[in-house]
Amino acid sequence: MKNWPSSLVLPLVTVAVTFPAATAQTFPTDHPTIRRIWVEGMDSSQVYPLAQVLLDSIGPRLTGSPGYAAAIEWAMGRYERWGVQAKKEQYGTWIAWERGITHADLIAPRVRTLEAMMLAWSPGTNGPVEGDVVILPDVPGSQEFDAWLSKARGRFVLISPPEPTCRADQQWEEFATPETFARMKAERDTAREAWLDRTRRIGRGYTRRLEQAGAVGILSSRWSRGWGVNKVFSAPTDEIPALDLSCEDYGLVYRLAQNNQSPRMRLSAEAEFHGEGPMFNVIAELRGTEKPDEYVVLSAHLDSWDGASGATDNGTGTVTMMEAMRILRKVYPHPKRTILVGHWGGEEQGLIGSRAFVEDHPDVLEGLQAAFNQDNGTWRVEYIKMQGLSEAGGHFGRWFGQIPVEIKRHVTLDIPGTPEFGGSDHMSFLCHGAPGFRLQSSYPEYRQYTWHTNRDTFDKLVFDDLKNNATLTAMLVYLASEDPERVPRTRRVLPIDTRTGQQMQWPPCRPPRRSWSR
């Protein structure tokens, strides 16, 4: 396929284009650079050692943590070793917080070590603390809650609804009768709505009121609908520890409290705050030889939540872009356009690093040929949306016409697509109408099991797919750099939003948040 059929570049109709399967390695072009990228990416890949150090040795990279600082220095050292110019660029400040050891035990009415993790930016304990466990009360309103607060003093307070089951819905659907499954879901939905009503009646800011009343800790659980997996986000407290308990252990403690069986806990949690300090993006560059003021950007956020290792969110995106840059430095060291890679900070707090970069570098935004962002590395890249840029499909058609079938057969191109309204760092470019694209992998399992969870670890990586993704990225960057034409920024007329009945509008740009605040 040499050229993309013009009939597929439509202003109003989304066209999904897939590619045929192949059983042997095929190259639709005899272009030597594409062949060299394939050989370097598939036969001499560095994705395993890169991922192993980043995810096992450095580990999670919470914004402002020592892990994030260590990841910056590691990435800078790798680029220096490869002969790629790199720098760290400050975009703001953030609170420096260091997680220590957390140990939580149920000590009455029986002894059990609990699966518990302190939430990010939580205060620790000053040595072990003990207390009974009580449930957030079901009261008519805020005044009645204030009257109850004296009962929170010296106690741990459960602030989440318990799950009726910690068995994934997939197993219920497969093994239970339809009637049993439907009844469980109905009871679960009713209980969740009742809990939401309970918190509405209590009023906003109740965790701060619990702190002020002398509670010794806050216990919550955000189950991710899968076996053994919880979402782990940030603490809602300033002075007392806030913990996530596993679905199973939270349910145990809740039932004991609910049935007046006097649960009591002991907690030892270490955490250190080091004040507000500078935050950085890592920017690496291969300077363009013919069009240095036009840019192709490789994009992935370096930060993560710290409930696990930040493997698929976004260690894999980080490794994909580093490996693609390594390949390009070896195979294509003197690009036509300038190639930048941005390893962004603060994505999890609202795309802070990439938004700040775009705000601070209007020249890059103006000269952007294309930005390729990757932010979930579970499985192969399988979907690229043109994001409502009505003429981008012709360029992707030409580029994919030169990519081996072994890679492109997995990929659907959505032409012209519609712009997203959140998600990841490509939006920092796209909201301005600049060509920012997401290299999307399969989403449902990622969302359930590894996205922001305590199970986002090295073992979830599939290295054949990670090699594929890095090789695809390097090829796309090379082809975008060499393209004789700029990717147009023409926006399609957006369709009617079926939820609102109104015509969709282009996503707005938001200013970056440059400093820490609760």
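Predicted, not measured: the structure shown is a model, and the values here were computed from it.

Structural notes on the overall build of the protein
Phase 1: Counting secondary structure elements, the protein contains 16 helices and 18 strands.
Phase 2: Radius of gyration (C-alpha) of the protein: 25 Å, near the 24 Å computed for a compact globule of 518 residues.
Phase 3: Its C-alpha atoms give the protein principal-axis dimensions of about 75 × 50 × 40 Å.
Phase 4: The buried share of the protein, reckoned over its 518 residues, is 58%.
Phase 5: A sequence separation of at least 24 residues applies to 84% of the contacts in the protein between residues at least 6 apart.
Phase 6: If you sum the accessible surface of the protein, you get close to 21,400 Å²; carbon and sulfur atoms cover 50% of it.

Re the state of the cysteines
Phase 1: Summed over all chains, the structure comprises two disulfides.
Phase 2: Here C166 pairs with C247 through a disulfide, and the sulfurs are 2.1 Å apart. On the sign convention where negative means left-handed, the S-S torsion of about -85° between C166 and C247 marks this disulfide as left-handed. With C166 in the loop between β6 (156-158) and α5 (169-175) and C247 in helix α8 (residues 247-258), this residue pair connects regions lying 81 residues apart in the sequence. Assigned by exposure class, C166 and C247 land together as buried.
Phase 3: One disulfide bridge connects C431 with C509, the sulfur atoms lying 2.1 Å from each other.

Focus on the confidence of the model for the protein
Phase 1: Considering every residue of the protein, the mean pLDDT works out to 94; 95% of them sit at 70 or more.
Phase 2: Below pLDDT 50 for its whole length, residues 1-14 participates in 39 contacts with residues either more than four positions away or in separate chains.

Quick look at unusual backbone geometry
What is expected of a backbone is that most residues other than glycine have negative phi and most peptide bonds are trans.
Phase 1: A cis geometry characterises the amide bond from A108 onward to P109, with omega recorded as 5°.
Phase 2: Its location among the elements puts P109 in the loop between β2 (85-108) and β3 (112-113).
Phase 3: Omega for the peptide link from D313 to N314 comes to 10°, which places this bond in the cis form.
Phase 4: Among the structural elements, N314 can be located in helix α9 (residues 311-331).
Phase 5: Even without glycine at this site, S262 takes up a positive phi of about 55°.
Phase 6: Looking at the secondary structure, you find S262 in the loop between α8 and β11 (264-286).
Phase 7: For S262, a relative accessible area of 55% puts it in the exposed group.
Phase 8: Phi at H452 takes a positive value of approximately 65°, unusual for a residue other than glycine.

Some thoughts on the pattern of salt bridges
Phase 1: This structure, assessed with the given rule, holds 31 salt bridges.
Phase 2: A salt bridge links E130 to R264, with the nearest nitrogen and oxygen atoms 3.5 Å apart. Linking E130 in strand β5 (residues 129-135) with R264 in strand β11, this pair joins segments that are 134 residues apart in sequence.
Phase 3: R200 is paired through a salt bridge with E193; the nearest N and O atoms lie 3.4 Å apart.
Phase 4: Exposure remark for R200: the relative accessible area of 51% places this residue in the exposed category.
Phase 5: Since its relative accessible area comes to 43%, E193 is described here as partly exposed.

Details of helix α2 (residues 47-58)
Phase 1: Its 12 residues place the ends of α2 16 Å apart at the C-alpha level, agreeing with the 16 Å of an ideal helix rising 1.5 Å per residue.
Phase 2: Along α2, the positions that sit buried rather than exposed are V47, L50, A51, L54, L55 and I58. Looking down the long axis of α2, one finds its buried residues gathered within 115° of arc, a one-sided arrangement.
Phase 3: Buried residues along α2 sit in contact with α3 (66-82), α9 and α16 (463-482).
Phase 4: Following α2 by one or two positions, G59 adopts a phi angle in the positive range, close to 85°.

Thoughts on the side chain of S309
Phase 1: Topologically, S309 is positioned in the loop between β12 (291-301) and α9.
Phase 2: Ignoring anything within four residues of it in the chain, the contact list for S309 reads L55, G59, P60, R61, D456 and T457.

Things to note about the packing of aromatic side chains
Phase 1: What the rule picks out here adds up to 23 aromatic pairs.
Phase 2: On the numbers, 6.4 Å between centres and 70° between planes, the contact of F233 with W451 is edge-to-face. With a gap of 218 residues between them, F233 in the loop between β9 (229-230) and β10 (242-245) and W451 in the loop between α15 (444-450) and α16 connect regions that are remote in the sequence. In this pair, the class of F233 matches that of W451, namely buried.
Phase 3: Here the aromatic rings of F396 and F437 are separated by 4.9 Å at their centres, their planes lie at 80°, and the arrangement is edge-to-face. A residue pair is termed long-range when its members are at least 10 positions apart, and F396 in helix α12 (residues 392-400) and F437 in strand β17 (residues 436-438) qualify at 41 residues.
Phase 4: Clustering of aromatic rings is evident, with ring pairs tying together W94, W121, F233, W305, W451 and W516.
Phase 5: Sitting over the ring of F280, K88 keeps its end group 4.9 Å from the ring centre.
Phase 6: We note K185 situated over the ring of F181; from NZ or CZ to the ring centre the distance is 4.3 Å.

Describing the pairing of β10
Phase 1: Residues of β10 alternate between two faces, with A242 and D244 on one and L243 and L245 on the opposite face, all of them buried.
Phase 2: Relative to β10, strand β4 (residues 116-118) runs antiparallel, the two being bridged by three bridges. When the sheet's bridge partners are listed, M118 is paired in β10 with L243.
Phase 3: As paired elements, strand β7 (residues 217-220) and β10 share three bridges and run parallel to each other. Among the inter-strand pairings, S220 is bridged to a residue of β10, identified as D244.

Considerations on the nonpolar core
Phase 1: Within the largest apolar cluster, 130 residues are counted, with the highest numbers of intra-cluster contacts made by L210, F372 and I384.
Phase 2: In terms of residue count, the dominant contributor to this core is α16 (11 residues).
Phase 3: Those residues in contact with F372 that lie beyond four places of it in its chain are V296, V297, L298, S299, M321, F396, W399, F437, L439, L476, V477 and A480.
Phase 4: One finds L340, W344, F357 and V358 within the second-largest nonpolar core, a separate group that totals 13 residues.

The rules behind the values
- Here the residue numbers are simple positions, counted from 1 along each chain's written sequence.
- In keeping with the model being predicted, local features are shown solely for residues with a pLDDT of at least 70 and side-chain atom pairs are shown and tallied solely at 80 or more, while totals for entire chains, interfaces and linings include all residues.
- Think of the side-chain values as coming from all heavy atoms in the structure, minus any hydrogens and water.
- Strands here are runs of E lasting at least two residues and helices are runs of H or I lasting at least four, both read from the DSSP assignment and numbered beginning at the N terminus.
- We compute the radius of gyration from the C-alpha atoms alone; for a globule the expected value is 2.2 Å times N to the 0.38, where N is the number of residues.
- Residue exposure (1.4 Å probe, protein chains only): buried if accessible area is under 20% of the type maximum, exposed if over 50%, otherwise partly exposed.
- Contact definition: two residues touch when any of their heavy atoms are within 4.5 Å.
- Under the convention used here, a 1.4 Å probe and the Shrake-Rupley method define accessible areas, while residue burial counts only the protein chains that appear.
- Any two cysteine sulfur atoms lying within 2.5 Å of each other are counted as a disulfide.
- Per residue, pLDDT measures the predictor's confidence, with a range of 0 to 100.
- The term salt bridge refers to a pairing of a side-chain nitrogen on Lys or Arg with a carboxyl oxygen on Asp or Glu at a separation within 4 Å.
- Every helix has an expected span of 1.5 Å times one less than the residues it contains.
- Working note: the arc is built from the helix axis to C-beta atom directions.
- Here a Phe, Tyr or Trp ring, Trp counted by its six-membered ring, pairs with any other such ring whose centre lies within 6.5 Å, and the pair is stacked when the planes are under 30 degrees apart, edge-to-face when over 60, and tilted otherwise.
- We call a charge positioned above a ring when the Lys NZ or Arg CZ atom is no farther than 6 Å from the ring centre and deviates by at most 35 degrees from the ring normal.
- Between any two strands, at least two bridges found by DSSP are needed for them to pair.
- Put simply, a nonpolar core is a bunch of buried Ala, Val, Leu, Ile, Met, Phe, Trp, Tyr and Cys residues held in one set by side-chain atoms that sit within 4.5 Å of each other.

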